[in-house]
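Understanding the architecture of this molecule
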Amino acid sequence: MKNKSILLLKALIVSTSRINQIKHQFDPKKRKKAVGGIIGVVVIYAMIMFYAVSICMGYGEYGIIDSAPLMCALTLSVIGFMFTLFKTNGYLFNFKEYDMLMSLPFEAKTVAACKFLYMYIKTLPWYISISFAMLAGYAYYAKPSFLVYPVWIVLTFVVPIIPMLAAAFMGFLIARISSGFKKTNIVQTILSFVFVIFCFSLRFFIEDMFRDDKVEQTLESISGATAGAAKYYLPAGWFASAVTELSVVDILLLIGLSAALFAIVFAIVGKSYRNINSALKSHHASKSYRMEEQKKRSIVNAIAFKEFKRMTGSTTYFVNVAVGEILALIFSVVTLVFGFDKIISTVLAGAPLTASMLQPAIPFIIYFFIGMMATTACSPSLEGKNYWILQSLPIEKKTIYKGKMLFNIYLTVPFMVFSVICLCIATKAPLLNSVLYVILGIVLCLFSTAWGCVCGVKHIKLEWENEVEVIKQGTAVMLYLLPNMFVVMGLCVLVVFLGTKLDHKLVAGIFILITAILAAISYRRVIALAEKS
């Protein structure tokens, strides 16, 4: 059975490997896309490694480099948990090739375990790039013994397993509960959202728990917070002890617990794996159904409505693209209720920033949530085999993409307007400034929509076995997400700085103009790509 498991796992990896596509693909366009995807991913990993090394340099300069192993373990654990949380539904449950895999001579728990390992291997480069970069920084400052290197390298592959198993088991419980309802997808989406929001909010409770000085937050206090976290999350402490003290007991504990939990989790999952997937893939017909008059829509609006139905019919799609809007809504309402100064003091750990200083950054703060993911970055690829059906219809491709962009505008603009208004009220921004911030927020949504569509069309991927490959791991999504996120963080700092030198209305007007030009350029690029394809 072990040989069969390895064979199944190998087949899953080979079928989605870009290197395999390059080796066996004879279409020059598809080969170029595969090569471009690899180059793009390598650039992203390089950026992550640079960031990880920078963290260790900061630790080294402040003389707390001994905290680096613990920070590495906690970082890998958080990333592993969050990545798995967003992917569990698409990888373990309700996936496209379920019927084919379950027809093969494998036990249900074997299929589930292989799908988990496949998910682990697909995210392994993230863990390696962070951990190995931090190892390099740690080695430069700490000058450890030679044995530290193989121990760190080996345990890098083990540390993410426990948080991934925890997230996968939570996904299993959500799927198990929702499978008992008629509207399984809706219930599963709601439960997933509740758990995701809980995880995001839990961060602030943890910070408050470990923070003794709420006014000054320095690297030393971060080191103390990570040490406190290790008391509650033992595997991170075991990794740190294994690396710094070469503790054989901690090495065995980390490896042994990971293996034991893996066996236990998938023994439990395997018992109801078939029932859950069957319930999630089935659809209930309404007994009260009756024919009504058909509503007439324009073609662009019809495509936008089709995209809405596509989103609400997929838990993975819904949770990943709508989580930013929900977080923006929660953040704005909480800020309005508790006060902007108090929220900023909590988030920025007592940094000397006032509400008036941060007013010009309001649209960018909300855009950090809402622009986290644009539906247009993945929706062209999500068409999959249906793309050829769309091509056979008497509809121009640019019309199809206009419909997809319209849906993203319908999704993002209302949340942007509401959230910006809430923050303007909370910061007591002048009326004219508030109007300009709302306009800037809308223009940012337009830019996000058009730029996401450029990425989605330029790097369209129609041949996929699981929608997670497009929604979370697609080249288009990566090229949109990470640069956009880092640029927005930089713009927040830049806008606050400019706001101390220039009038806030002038700053908002400048960025409205710049963003509108970029949105127009991106839109024209989408139309050009549509005409070429």
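Our next topic: helix α22 (residues 431-458). Taking 1.5 Å of rise per residue, the 28 residues of α22 would be expected to cover 40 Å, and the 41 Å separating its terminal C-alpha atoms lies within 8% of that figure. Most of α22 is tucked away: 20 of the 28 residues are buried.

Moving on, we come to helix α19 (residues 375-382). Every α-helix winds through 3.6 residues per turn, so residues three or four apart in the chain are directed the same way. The element α19 is extensively covered by neighbouring structure, given that eight of its eight residues are classed as buried. Structurally, α19 contributes buried residues whose contacts are with α14 (299-312), α15 (315-338), α21 (397-427), α22, α23 (468-471) and α24 (475-501). Looking at the residues trailing α19, positive phi occurs at Gly-384, about 55°.

For the rest of this paragraph, the subject is the packing of aromatic side chains. Applying the stated criterion across every chain, the model contains ten aromatic pairs. Judged by centre distance (5.9 Å) and plane angle (55°), the ring pair of Phe-116 and Phe-262 falls under tilted. In this pair, Phe-116 is assigned in helix α6 (residues 108-142) and Phe-262 in helix α12 (residues 248-271), connecting sequence segments 146 residues apart. Note on Phe-116: relative accessible area 1%, which makes it buried. These aromatic residues form a ring-pair network of at least three members: Phe-116, Phe-262 and Phe-266.

Running from N to C, α19 and α21 cross one another at 140°; their axes reach a closest spacing of 10 Å. By the criterion of interaxial angle, the relationship of α19 to α21 is oblique. Of the two possible hands of crossing, α19 and α21 adopt the one that is right-handed. Here α19 contributes Thr-375, Thr-376, Ser-379 and Pro-380 to the contact with α21, which in turn contributes Tyr-401, Lys-404, Met-405, Phe-407, Asn-408 and Leu-411. When grouped by side-chain class, the residues that make up the contact of α19 with α21 number five nonpolar, four polar and one charged.

What follows is about the pattern of salt bridges. For the structure on display, the rule yields two salt bridges. Between Asp-503 and Lys-505 there is a salt bridge, and its shortest N-O distance comes to 3.5 Å. Classification of Lys-505 as partly exposed rests on a relative accessible area of 33%.

A separate point is the side chain of Glu-325. Checked against the element boundaries, Glu-325 lands in helix α15. Under the relative-accessibility criterion, Glu-325 is labelled buried at 1%. Each residue touching Glu-325, except ones within four places of it in the same chain, is listed here: Ile-370, Leu-411, Thr-412 and Phe-415.

This next bit is on the confidence of the model for the chain. When pLDDT drops low, the exact placement of atoms in the prediction is not to be read closely. Confidence along the chain averages 76 in pLDDT terms, with 72% of residues attaining 70 or more. The low-confidence segment residues 181-188 (pLDDT under 50) makes 17 contacts with residues lying over four places distant or belonging to another chain. For residues 198-221, every residue scores under 50 in pLDDT, and the model assigns this stretch 30 contacts once sequence neighbours within four places are set aside.

Thresholds, definitions, all that
- Residues numbered from 1 in each chain as written.
- Predicted model: local features only at pLDDT ≥ 70, side-chain atom pairs only at ≥ 80, totals over all residues.
- Heavy atoms only, no water.
- Helix = DSSP H or I, 4+ residues; strand = E, 2+ residues; numbered from the N terminus.
- Expected span 1.5 Å × (residues − 1).
- Buried < 20%, exposed > 50% of the residue type's maximum accessible area, 1.4 Å probe, protein only.
- Contact = heavy atoms within 4.5 Å.
- Phe/Tyr/Trp six-rings, centres within 6.5 Å; stacked < 30°, edge-to-face > 60°.
- Axes fitted to C-alpha atoms, helices over the stretch in contact; angles between N-to-C directions.
- Parallel < 35°, antiparallel > 145°, perpendicular 65-115°, else oblique.
- Left-handed = near helix turned anticlockwise from the far one by under 90°.
- Nonpolar A, V, L, I, M, F, W, Y, C, P; charged D, E, K, R; others polar.
- Salt bridge = Lys/Arg side-chain N within 4 Å of Asp/Glu carboxyl O.
- pLDDT = per-residue confidence, 0-100.

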